Amino acid sequence: MTAPVNVAPASRGKIVSSLPADQLAEISALFEFRRTGYSLDAPFYTDPTIFKVDMEAIFGQHWIYAGSVAELPEPGDYITVDYGPYSLIVLRNDDGEVNVLHNVCRHRGARVLTESAGSTGNLVCGYHSWTYSPEGNLIHASAPGEAKFDKNCFALKRAHSREVAGLIFVCIADEPPTDFDETSKIFEPYLAPHDLSKTKIAYQQNIIEEGNWKLVMENNRECYHCDGHPELACSLFPTWGLTEGLIPTHLEDVWDRNKEAQASLEERCRRYGLPYEVVEELDTRIAGIRISRESLDGEGESFSADGRRLSKKLLGDLPDFRLGRCSMHLQPNSWFHFLGDHVITFGVFPINEHQSLVRTTWLVADDAVEGVDYDLDKLTYTWKQTNLQDKAFVELCQTGAGSPAYEPGPYMKSEYQVEAFINWYVQRVQEHLA
């Protein structure tokens, strides 16, 4: 008999309802009177109470990117995902399904699994050896001399999971937003041809950025700063996000080359039956998304100095290496680059109001051999450098937000996606505060 799913109680309103009336009014006013087209007021990036509200209203209610199937290839494989006050165990069970369990022992609250990834049979708490099945059911609790109790009442609390095109998402709300179903239908056809089920991890990087999670996401949504990414600019056109009439003089030749490369890419996509059109609904749906397939410079194959492939193995059933990048942004915490030769996933996991963990994972074909089919240093070089540069940019903004001299500044036209992300964020929190 399958045990009933023991979903953690919803946290909606718990933090908000505990705020003193004057503090709640002050926070609500910050959202209500936020100036459109301008960056947020400093407390959004520095105030610990607003961070708690973010954890409840955003990370406590929405679908969060957790990892990929390449991280859980076999039954018993798990990763732990931590953000704000939450710790989750994401585990592949014997039936091949993904279980998500709160990483909190039902005895006295100890962390059950302390490693970031691994493989396990039953889950054993290291404190008093309470033992749980992969489904979270309590199967052993040694209690000599104690009265008997019903083990069924002390299962690990469960959360929701979704696996779409090889990406794993989690939601800890009682009732997850249903619009994720529609968003999944948008991006699944773009990603499926890369077949993440036949990939493996080549490398994973964890960086702690001294910046609020929103600053990390904002930085990713614009290329106004891309002059600060010389390695990336070898393959990524620095005109990304610009349109006719916004091209600076020094980028006019690049813009013309970009248009020609994009036209060639779209012709190949039509020939192969691959979707490439831009879908941009960053602030018009609950599960905000932007996805497209876009050309790369040079040979147009990968993130290298000359745009050539970085792995000799094509992914999935793709017919060609020269397919640019399928780029996807999903709110609130992830973005992705799907190429012909490898995939890069990015997940942002808030730690506190001024720190965020950015996890970058490089995936290659599962039969690709390091040193034969790809050179790991070359594979990871561009985005390792770019991540360090972005870390520095985010930290500059976090430092500035803490200054008494800080005040919101205007977004440029090329930063329209930043405005869309912030508009989405404000809408979601206001719904929670109401």
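The rules we used
- Within any chain, residue numbers begin from 1 and follow the written order of that chain's sequence.
- Predicted model: local features are reported for residues with pLDDT of at least 70 only, side-chain atom pairs are reported and counted for 80 or more only, and whole-chain, interface and lining totals are derived from all residues.
- Hydrogen atoms and water are omitted, and side-chain values are computed over all heavy atoms in the structure.
- UniProt positions are given in the numbering used here, feature names are shortened, and annotations may be inferred rather than shown by experiment.
- Strands are runs of DSSP state E lasting at least 2 residues, helices are runs of H or I lasting at least 4, and numbering of each runs from the N terminus.
- Grid points spaced at 1 Å over the protein atoms alone were grouped into cavities, where a 1.4 Å probe fits but cannot get out, and pockets, open sets with protein on both sides within 12 Å along at least five of seven lines, with lining residues defined by an atom within 4 Å of a point.
- Grid points are joined across faces, edges and corners, and a volume is the space filled by probe spheres set on the points.
- For the exposure calls, accessible area comes from a 1.4 Å probe over protein chains only, and a residue counts as buried if that area is under 20% of its type's maximum, exposed if over 50%, partly exposed in between.
- Each patch is built from salt-bridge-free residues with over 30% relative accessible area, joining like charges within 9 Å and nonpolar side chains (Val, Leu, Ile, Met, Phe, Trp, Tyr) within 5 Å.
- Reported accessibility uses the Shrake-Rupley method at a 1.4 Å probe radius. Residues are deemed covered only where the shown protein chains occlude them.
- Salt bridges are identified by distance alone: a Lys or Arg side-chain nitrogen within 4 Å of an Asp or Glu carboxyl oxygen.
- The sign given to each residue is positive for Lys and Arg and negative for Asp and Glu; His and the chain ends receive no count.
- Working definition for charges: the position is that of NZ of Lys, CZ of Arg, CG of Asp or CD of Glu.
- Interaxial angles span 0 to 180 degrees and are taken between N-to-C directions of axes, which are lines fitted to C-alpha atoms, for helices over the stretch in contact.
- Two helices crossing with the near one rotated counterclockwise from the far one by less than a right angle form a left-handed crossing, whereas a clockwise rotation gives a right-handed crossing.
- Only heavy atoms enter the contact rule, under which two residues are in contact if any of them lie within 4.5 Å.
- Under the convention adopted here, Pro, Cys and the residues Ala, Val, Leu, Ile, Met, Phe, Trp and Tyr are nonpolar, Asp, Glu, Lys and Arg are charged, and Gly plus all remaining residues are polar.
- Nonpolar core, defined: a set of buried Ala, Val, Leu, Ile, Met, Phe, Trp, Tyr and Cys residues in which side-chain atoms within 4.5 Å join the residues together.
- The definition used for a disulfide is geometric: two cysteine sulfur atoms within 2.5 Å.
- Paired rings are identified among Phe, Tyr and Trp, the last through its six-membered ring, by centres lying within 6.5 Å, and are further divided according to the angle between planes into stacked (under 30 degrees), edge-to-face (over 60) and tilted (the rest).
- If DSSP finds at least two bridges between two strands, the strands pair.

As recorded by an unreviewed UniProt entry, the protein carries the name Aromatic ring-hydroxylating dioxygenase subunit alpha and is attributed to Paenarthrobacter ureafaciens. Per UniProt, the protein carries the Cofactor (unreviewed entry) text "Fe cation".

Chemist: So what about the environment of G211? Which residues, and what values?
Modeler: Locating G211 in the fold gives a position in the loop between β11 (199-209) and α6 (213-220). The spacing of G211 and I351 is 140 residues in sequence and 9.6 Å in space, taken between C-alpha atoms.

Chemist: Requested: an account of empty space enclosed by the protein, with residues and values cited.
Modeler: Counted according to the given criterion, the structure contains six cavities of 30 Å³ or more. In this structure, the largest cavity occupies an estimated 290 Å³ of space. Lining the largest cavity are 24 residues, with N219, N220, W335, W383 and D390 positioned closest to its centre. Among the secondary structure elements, those contributing two or more residues to the lining of the largest cavity are α6, β14 (325-330), β15 (334-338) and α8 (376-401). With five residues, the single largest contributor to the lining of the largest cavity is α8.

Chemist: Account for the environment of D174, naming residues and giving values.
Modeler: Within the secondary structure, D174 is located in the loop between β10 (167-171) and α5 (180-191). Overall, the relative accessible area of 36% leaves D174 in the partly exposed class.

Chemist: Explain a negative patch on the surface to me, using residue names and the numbers behind them.
Modeler: There is a patch of like negative charges on the surface, built from E252, D253, D256 and E260. Within the secondary structure, D256 is located in helix α7 (residues 252-272).

Chemist: Break down the packing of helix α2 (residues 21-32) against helix α9 (residues 416-433) for me, citing the residues and quoting the values.
Modeler: In a packed pair of helices, the relevant descriptors are the angle between the two axes and the axis-to-axis distance. Interaxial distance between α2 and α9 falls to 10 Å at its minimum, and their mutual angle equals 145°. Taken as a pair, α2 and α9 cross one another with a handedness that is left-handed. Of the residues in α9, those touching α2 at L24, I27, S28, F31 and E32 are Y425, V426, V429, Q430 and L433. In terms of residue class, the contact of α2 with α9 is made up of seven nonpolar, two polar and one charged.

Chemist: Which residues make up the nonpolar core, and what are the values?
Modeler: As a rule of thumb, nonpolar side chains are buried together in soluble globular proteins. Within the largest apolar cluster, 99 residues are counted, with the highest numbers of intra-cluster contacts made by Y83, V90, F187, W213 and Y425. Among the elements that take part in this core, α9 stands out by supplying eight residues, more than any other. Not counting chain neighbours up to four residues away, the residues in contact with W213 comprise F51, D54, M55, I58, F59, P332, V348, P350, S356, F421 and Y425.

Chemist: Lay out the state of the cysteines with the relevant residues and their values.
Modeler: Scanning the entire structure with this criterion turns up one disulfide. With its sulfur 1.9 Å from that of its partner, C223 forms a disulfide with C226. Because the torsion about its S-S bond is -110°, the bridge between C223 and C226 counts as left-handed. What makes C226 buried here is its relative accessible area of 9%. With no disulfide partner, C105 has as its closest neighbouring cysteine sulfur the one in C125, 3.9 Å distant. Unpaired in this structure, C234 has its nearest cysteine sulfur neighbour in C226, at a distance of 13 Å.

Chemist: So what about the packing of aromatic side chains? Which residues, and what values?
Modeler: Applying the stated criterion across every chain, the model contains 21 aromatic pairs. With a centroid separation of 6.2 Å and 80° between ring planes, the pair formed by F44 and Y425 is classed as edge-to-face. Within this pair, whereas F44 is found in helix α3 (residues 43-46), its partner Y425 is found in helix α9, the two being separated by 381 residues in sequence. Taken individually, F44 and Y425 each receive the classification buried, so the pair is uniform in this respect.

Chemist: Break down the sheet that holds β10 for me, citing the residues and quoting the values.
Modeler: Across the sheet, seven strands lie side by side as β1-β10-β9-β4-β3-β2-β5; this open sheet has antiparallel pairing. Bordering the open sheet on either side are β1 (64-68) and β5 (117-119), each of which pairs with just one other strand. Along the sheet, successive strands turn relative to each other by an average axial angle of 30°, direction set aside. Of the pairings in the sheet, the one linking strand β3 (residues 86-92) to strand β4 (residues 98-102) comprises five bridges and is antiparallel in character. Each residue of the ladder has a partner; that of V90, found in β4, is V100. α5 contacts β9 (158-164) and β10 of the sheet and is inclined by roughly 35° relative to β9.

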